[in-house]
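The chain contents come next:
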Amino acid sequence: MGIDIGGSGIKGAPVDLAIGELAQRRHRIDTPVPSTPEAVVGVVAEIVSSFGYEGPVGCALPSVVKHGVIFTAANIDDAWIGVDGRQELERRLRMPVVLLNDADAAGIAEATYGAAKDMPGLVCVLTFGTGIGSAVFVDGVLVPNTEFGHLEFKGGDAEDYASARTRKDEALSWADWGARVGEYLRHVERVISPDLFILGGGVSRRLEKFEQFLECSTPIVPAELRNDAGIVGAALAATSH
Ligand code: BGC
């Protein structure tokens, strides 16, 4: 079972790990306001029990997560910081739980079933949504919690400059937003010199609208798993732990 905790919705489903697809239609519940650990844990329990599921559960969230403990909280309540989320969830669900960063979860799904499968070298998966998430792989092994959306760029957070949310908020054309994404990708290039960029998030389906503005020397391909990558990767992490 994989659960993807986001700023607006919490989504989950059992996953068929043989093929990397949802085994049943996903269940989505609006993220509670405020999204405190107690409230979110309650929603996760509701989603898990709605499937009559018992077994390992993977939960992805927009946070730096080390050994089950939450260190940052973007788009979820600050009350999460310092909380042992794994312990809280295991206590409530009475099932083994693995917690991980949402972009890392999406990246693991891409590395197992999608565009990063069998890719040697340094692969950088970037998800463009409300924020920018990152997952870095070295010869298929994840380097967790890279948080490249928060690289300092143009005097602020990179994700405030180039996320999909910023494209909408500032009503940027594909050309203007694509140019910003290109500047950002070239910045990430200077930091880690990847062999491949994989672009995920809703906009990855529309790569043809902005790829000509990216002007980046590293090869770029769209993510293959689309919306459910976080759920699939979380389920995978729960069972391979
Ligand atoms: C968070 C990351 C997350 C990304 C995508 C960023 O704001 O800091 O942890 O992966 O958004 O949700």
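Just so you know, these numbers come straight off a predicted model, no measurement behind them.

Engineer: So what exactly am I meant to see when it comes to the domain arrangement of the protein chain here?
Structural biologist: One frequent convention defines the size of an interface as the accessible area lost when the parts assemble. As far as domains go, the protein chain holds domain 1 (2–104 + 229–239) and domain 2 (118–223). A separation of 24 Å is found between the C-alpha centroids of domain 1 and domain 2. Across the boundary between the two partners, domain 1 contributes nine residues, which contact nine residues of domain 2. Looking at the side of domain 1 facing domain 2, the largest losses of area belong to Val64, Ala103 and Asp104, adding up to 65% of the total buried there. If you look at where domain 1 meets domain 2, you find zero salt bridges. At the boundary of domain 1 and domain 2, one finds three residue pairs in polar contact (both at pLDDT 80 or more).

Engineer: Whenever I open this one, the packing of helix H3 (residues 102–113) against helix H8 (residues 229–240) confuses me. Can you help?
Structural biologist: The description of two packed helices rests on the angle between their axes and on the distance between the axes. Running from N to C, H3 and H8 point in directions that differ by 80°, and their axes come no closer than 7 Å. Considering the angle they form, H3 stands roughly perpendicular to H8. In this structure, H3 uses Ala105, Ala106, Ile108, Ala109, Thr112 and Tyr113 to contact H8, whose residues at the interface are Ala229, Gly230, Val232, Gly233, Ala234 and Leu236.

Engineer: Whenever I open this one, the pattern of salt bridges confuses me. Can you help?
Structural biologist: Where charged atoms of side chains with opposite charge meet at close range, the side chains can pair. Under the criterion given, the structure shown has seven salt bridges. Where Arg28 meets Asp30, a salt bridge forms, and the shortest distance between an N and an O atom there is 2.6 Å. A salt bridge links Arg165 to Asp169, with the nearest nitrogen and oxygen atoms 3.8 Å apart. Within this pair, Arg165 and its partner Asp169 are both found in helix H5 (residues 164–169), separated by four residues, close to a single helical turn. Through salt bridges that share partners, Asp160, Arg165 and Asp169 make up one connected network.

Engineer: Just checking my understanding: could you explain the sheet that holds strand S15 (residues 196–200) for this structure?
Structural biologist: Whenever strands of a sheet pair, they do so through backbone hydrogen bonds, lying parallel or antiparallel. The five strands lie next to each other as S12-S11-S10-S15-S16, forming an open sheet whose pairing is mixed. In this open sheet, the two strands that pair with only one neighbour each are strand S12 (141–143) and strand S16 (220–222). For this sheet the average axis-to-axis angle between neighbouring strands, irrespective of direction, equals 30°. In this sheet, S12 lies alongside strand S11 (residues 132–138) in antiparallel orientation, the contact comprising three bridges. Directly across from Val136, in S12, lies its bridge partner Val143. On the sheet, H3 packs against strand S10 (122–128), S11 and S12 and is oriented at approximately 45° with respect to S11.

Engineer: Just checking my understanding: could you explain the site of the ligand for this structure?
Structural biologist: By nearness alone, every residue bordering the ligand is listed as Pro62, Ser63, Ala74, Asn101, Asp102, Ala103, Ile132, Gly133, Glu147, His150 and Glu159. One nitrogen or oxygen atom from the main chain of Ser63 is found 3.4 Å from an oxygen atom belonging to the ligand. Protein contacts shield 92% of the accessible area of the ligand, which totals 310 Å² for the unbound molecule. Of the pockets mapped on this structure, the ligand occupies the largest pocket. Residues that form the shell around the ligand fall into these classes: four nonpolar, four polar and three charged. When residues of the shell around the ligand are assigned to domains, at least three map to each of domain 1 (2–104 + 229–239) and domain 2 (118–223).

Rules and cut-offs
- Residues numbered from 1 in each chain as written.
- Predicted model: local features only at pLDDT ≥ 70, side-chain atom pairs only at ≥ 80, totals over all residues.
- Heavy atoms only, no water.
- Domains from an automatic or database assignment.
- Contact = heavy atoms within 4.5 Å.
- Buried area = accessible area lost by both parts, 1.4 Å probe.
- Salt bridge = Lys/Arg side-chain N within 4 Å of Asp/Glu carboxyl O.
- Polar contact = N/O pair within 3.5 Å; in protein donor to acceptor, adjacent residues only side chain to side chain.
- Axes fitted to C-alpha atoms, helices over the stretch in contact; angles between N-to-C directions.
- Helix = DSSP H or I, 4+ residues; strand = E, 2+ residues; numbered from the N terminus.
- Parallel < 35°, antiparallel > 145°, perpendicular 65-115°, else oblique.
- Pairing = 2+ DSSP bridges.
- Near = heavy atom within 4 Å.
- Areas by Shrake-Rupley, 256 points an atom, 1.4 Å probe, with all protein chains shown as cover.
- 1 Å grid on protein atoms, 1.4 Å probe; cavity = no way out; pocket = protein on both sides within 12 Å on 5 of 7 lines; lining within 4 Å.
- Sits in = over half its atoms within 2 Å of the grid points.
- Nonpolar A, V, L, I, M, F, W, Y, C, P; charged D, E, K, R; others polar.

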